[in-house]
Amino acid sequence: PGVAHYGGAAGFVTGLMYLGSAGMMLWGSRYHKFRMRDKLLEALTFTGYEQVLDVGCGQGLLTVAIAGELTDGIITGIDVNDKGFKILMDNARYEQAEKKIVLKTGDLYQLPFPKETFDVVVSGWALHTLNDEAGRKRAMKEMIRVLKPGGTLAILDQRDMELYEELCHEADMAEIELTRTRFWRIIPTRLLVAQKP
């Protein structure tokens, strides 16, 4: 009876922990990501004519929002596969922004664009999905390579942000700002913004 009693209590506590974790994931996907996306948008200034790149665009949380800021500009979304592209374009059509979006599948380790192509390069919760630190470094260097002088780099992610900040310093980027961790460590998203000289 004692074992059953404590086993039941442990199971109950474990269940509560899983329920809490699921609740945090739901809160994160429904609210926190949008709040952080808006922080990124506040950090950028658009004239409306920019050429923008969204690295690891997925279902377009950043892509569609930035397309809404553009008039004659274009945002190119690139991802390793096109699984999220239909949802992205459905959302873009709803926002009447589909004509300002170009989608490509491609290697994030070797972006298929000439150097200094884009006025703004963004990435949201994509770099941490790359397998190893060397790969994440390579992707980060590629993002800096395709950014025009005077252009802005903005990254939202939940790990290795100090590494990306260090790579910005190594590339002599200017006005480098890294936010503190938001919402303690449960959803530790941070925003990095830097200017290419």
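Residue indices begin from 1 for each chain and proceed along its sequence in written order. In keeping with the predicted nature of the model, local features appear solely for residues at pLDDT of at least 70, side-chain atom pairs appear and are counted solely at 80 or more, and the whole-chain, interface and lining totals rest on all residues. For the side-chain quantities, the full set of heavy atoms in the structure was used; hydrogens and water were omitted.

(A) Quick peek at the overall build of the protein chain. Secondary structure follows DSSP: runs of H or I at least 4 residues long count as helices, runs of E at least 2 residues long count as strands, and numbering of each begins at the N terminus. Scanning the protein chain for helices and strands turns up five helices and seven strands. Helices and strands appear in the protein chain in the N-to-C order α-β-α-β-α-β-β-α-β-α-β-β. Remark: exposure states derive from per-residue accessible area (1.4 Å probe, protein chains only) relative to the maximum for the residue type, with buried under 20%, exposed over 50%, and partly exposed in between. In the protein chain, which comprises 197 residues, the share counted as buried stands at 44%. Two residues form a contact once any of their heavy atoms are found within 4.5 Å. Looking at the protein chain alone, contacts between residues at least 24 apart form 70% of all its contacts between residues at least 6 apart. All accessible-area figures derive from a Shrake-Rupley calculation using a 1.4 Å probe, and residue coverage is judged against the displayed protein chains alone. Counting every atom, the protein chain has about 11,100 Å² of accessible surface; 53% of that belongs to carbon and sulfur.

(B) Highlighting the sheet that holds strand β7 (residues 190-195). Within the open sheet, the seven strands sit side by side as β3-β2-β1-β4-β5-β7-β6. Their pairing is mixed. Looking along the sheet, the strands with just one partner apiece sit at the ends: β3 (101-105) and β6 (174-178). Each strand of the sheet is rotated relative to its neighbour by a mean of 15°, with strand direction disregarded. In this analysis, strands are considered paired if DSSP registers two or more bridges between them. Taken together, the three bridges between strand β1 (residues 51-55) and strand β4 (residues 118-124) define a ladder with parallel strand orientation. Within β4, the position partnered with Val52 by the bridge is Val120. Think of each axis as a best-fit line through the C-alpha atoms, taken over the contacting stretch in the case of a helix, with angles from 0 to 180 degrees between the N-to-C directions. Each of β5 (147-157), β6 and β7 is contacted by helix α5 (residues 161-170), which is oriented at about 5° to β7, the strand it contacts most.

(C) Local environment of the nonpolar core. What we call a nonpolar core is a set of buried Ala, Val, Leu, Ile, Met, Phe, Trp, Tyr and Cys residues that are connected through their side-chain atoms within 4.5 Å. The biggest cluster of nonpolar side chains holds 28 residues, and the ones touching the most others in it are Leu53, Leu111, Val121, Met140, Leu153 and Leu192. Elements that contribute at least two residues to this core include exactly β1, β4, α4 (133-145), β5, α5, β6 and β7. The leading source of residues in this core is α5, at five residues. Counting 27 residues, the second largest nonpolar core, distinct from the first, contains Leu40, Cys57, Ile66 and Val120.

(D) Looking closely at α4. Given the number of residues in a helix, its expected span is that number minus one, multiplied by 1.5 Å. The end-to-end C-alpha separation of α4 is 18 Å, in line with the 18 Å expected for 13 residues at 1.5 Å each. All of the buried residues in α4 are Gly135, Arg136, Ala139, Met140, Glu142, Met143 and Ile144. Those residues of α4 that are buried lie in contact with β1, β4, β5, α5 and β7. Definition of a polar contact: a pair of N or O atoms within 3.5 Å, with one able to donate and the other able to accept a hydrogen when the atoms are protein atoms, and with sequence-neighbouring residues admitted only if both atoms are side-chain atoms. If you check the start of α4, you find a side-chain oxygen 3.3 Å away from the backbone N of Ala134, and it comes from Asp132.

Just distances and angles here, no functional claims.
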